[in-house]
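Coordinate inspection notes
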Amino acid sequence: MTRQVVIVDYGVGNLQSVARAIVGVGAEPIFATTPEQVEVASIMVVPGVGAFGSCTAALHSHGLREAVLAVIASGRPTLGICVGMQMLLDESEEFGTHAGLGLIAGKVRSIPSTGADGEPHKIPHIGWSGLQPNQVDWQGTIFEDTEPGDACYFVHSFAANPINPSEVLATCDYDGRVICAAVQKDNLVGVQFHPEKSGKVGLRILSRFVNAR
């Protein structure tokens, strides 16, 4: 039986690209626009693009915030993508202070405007960056089929800063600045990059999330 993956549709995110990637790993994407549709998810993806505050406001205004939290609290596998990952944290400093879902302790802060050498670099961080483990063995995670250094596609100006290092699943390097690339806590996982835009590496990661259960 084909696995069904519920994509939370709250008017934000590149949903069609995510859906195509889910089809590409052998699953069936289901767009959920109501709490009832979200609550029956056995596997859930929360996408997000743009500003943190706009995404959290949209999730709330569409009446989906509590349904998303209920699915996560039930222990069902959940993947946050880009801002969908950032929203898992306590709050963001993007265009003021905005509360997140409070599932992973920490804040979302702007990427430093200079590299480790003090020289200015481009913001947002756009392009391909290699993934590296962060104090966590990738065995049994969505990166089990990923080699350190495998590159994924990033587009972001702000980055998650979890308090607990053990909840940082992967990092990447941007001009000597270490950026949180993925988080994990129990059934919850988030990626800052876009797996749906990251070629074969992204599809392997997505497939591990969808199918390795």
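In what follows, the accompanying structure is described.

Parameters and conventions
- Residues numbered from 1 in each chain as written.
- Predicted model: local features only at pLDDT ≥ 70, side-chain atom pairs only at ≥ 80, totals over all residues.
- Heavy atoms only, no water.
- Buried < 20%, exposed > 50% of the residue type's maximum accessible area, 1.4 Å probe, protein only.
- Helix = DSSP H or I, 4+ residues; strand = E, 2+ residues; numbered from the N terminus.
- Pairing = 2+ DSSP bridges.
- Contact = heavy atoms within 4.5 Å.
- Axes fitted to C-alpha atoms, helices over the stretch in contact; angles between N-to-C directions.
- 1 Å grid on protein atoms, 1.4 Å probe; cavity = no way out; pocket = protein on both sides within 12 Å on 5 of 7 lines; lining within 4 Å.
- Points joined across faces, edges and corners; volume = space filled by probe spheres on them.
- Nonpolar A, V, L, I, M, F, W, Y, C, P; charged D, E, K, R; others polar.
- Core = buried A, V, L, I, M, F, W, Y, C linked by side-chain atoms within 4.5 Å.
- Lys, Arg positive; Asp, Glu negative; His and termini not counted.
- Salt bridge = Lys/Arg side-chain N within 4 Å of Asp/Glu carboxyl O.
- Polar contact = N/O pair within 3.5 Å; in protein donor to acceptor, adjacent residues only side chain to side chain.

**Focus on the pairing of strand E10 (residues 151-156)**
Burial along E10 is one-sided: Cys152, Phe154 and His156 are buried, and none of Ala151, Tyr153 and Val155, which face the opposite way, are. As paired strands, strand E8 (residues 125-130) and E10 are joined by 6 bridges and run antiparallel to one another. Across the sheet, the residue bridging to Gly130 is Ala151, located in E10.

**Describing the sheet that holds strand E13 (residues 177-185)**
Backbone hydrogen bonds hold the strands of a sheet together, and the pairing may be parallel or antiparallel. Pairing is mixed across the open sheet formed by 8 strands, whose spatial order is E2-E1-E3-E4-E14-E13-E12-E9. Each edge of the open sheet is held by one strand with a lone partner, namely strand E2 (28-32) and strand E9 (132-133). The pairing of strand E12 (residues 168-174) with E13 spans 6 bridges and is antiparallel. Each residue of the ladder has a partner; that of Thr171, found in E13, is Cys180. Each of strand E1 (4-8), strand E3 (44-46), strand E4 (78-81) and strand E14 (188-191) is contacted by helix H4 (residues 65-73), which is oriented at about 135 degrees to E3, the strand it contacts most. Seen against the sheet, helix H6 (residues 199-211) touches E1, E3, E4 and E14 and runs at an angle of roughly 150 degrees to E4.

**With respect to the environment of Gly176**
Counting through the fold element by element, Gly176 comes out in the loop between E12 and E13. When its relative accessible area of 38% is taken as the criterion, Gly176 is described as partly exposed. Taking the C-alpha atoms as reference points, Gly176 and Thr114, 62 residues apart in sequence, are found 9.4 Å from one another.

**Looking at empty space enclosed by the protein**
Under the definition given, this model contains 1 cavity of 30 Å³ or more. By volume, the largest cavity amounts to about 30 Å³. Per-class residue counts for the lining of the largest cavity are 6 nonpolar, 1 polar and no charged.

**Let's talk about the layout of surface pockets**
The volume enclosed by the largest pocket comes to roughly 240 Å³. Partitioned by chemical class, the residues of the lining of the largest pocket number 9 nonpolar, 4 polar and 2 charged. Roughly 160 Å³ of volume is contained in the second largest pocket. Listing elements by their share of the lining of the second largest pocket, those giving two or more residues are helix H5 (83-86) and E10. Split by residue class, the lining of the second largest pocket holds 6 nonpolar, 5 polar and 1 charged.

**Observations concerning the sheet that holds strand E11 (residues 158-162)**
As summarised here, the arrangement of the 4 strands in space is E6-E5-E7-E11, forming an open sheet in which the pairing is mixed. Both edges of this open sheet fall to strand E6 (98-99) and E11, since each of them pairs with a single strand only. Relative to E11, strand E7 (residues 104-110) runs antiparallel, the two sharing 5 bridges. In the strand pairing of E11, Val108 is matched with Ala160.

**Quick notes on the nonpolar core**
Counting 71 residues, the largest nonpolar core has Val8, Tyr10, Val38, Met44, Val68, Leu131 and Phe143 as its most contacted members. If sequence neighbours within four positions are ignored, Val38 has contacts with Val6, Val8, Ala32, Met44, Leu64, Ala67, Val68 and Val71.

**As for unusual backbone geometry**
Along the chain, Ile123 connects to Pro124 via a cis peptide bond; the corresponding omega equals 10 degrees. Mapped onto the secondary structure, Pro124 falls in the loop between E7 and E8.

**Things to note about the side chain of Glu167**
Considering the arrangement of structural elements, one finds Glu167 in the loop between E11 and E12. For the buried Glu167, no salt bridge is present, and the opposite-charge side chain at shortest range is Lys185, 4.2 Å distant. Non-local contacts of Glu167, meaning those with residues more than four positions away in its chain, are made with Ile104, Ala105, Ala182, Val183, Gln184 and Lys185.

**Regarding the side chain of Ser198**
Relative to the helices and strands, Ser198 resides in the loop between E14 and H6. In this structure Ser198 comes out as buried when scored by relative accessible area, which is 2%. Within polar-contact distance, the side chain of Ser198 engages the backbone nitrogen of Tyr153 at 2.9 Å. Contacts of Ser198, omitting those with residues within four sequence positions, involve Trp128, Cys152, Tyr153 and Phe193.

What is shown is where atoms sit, not what they do.
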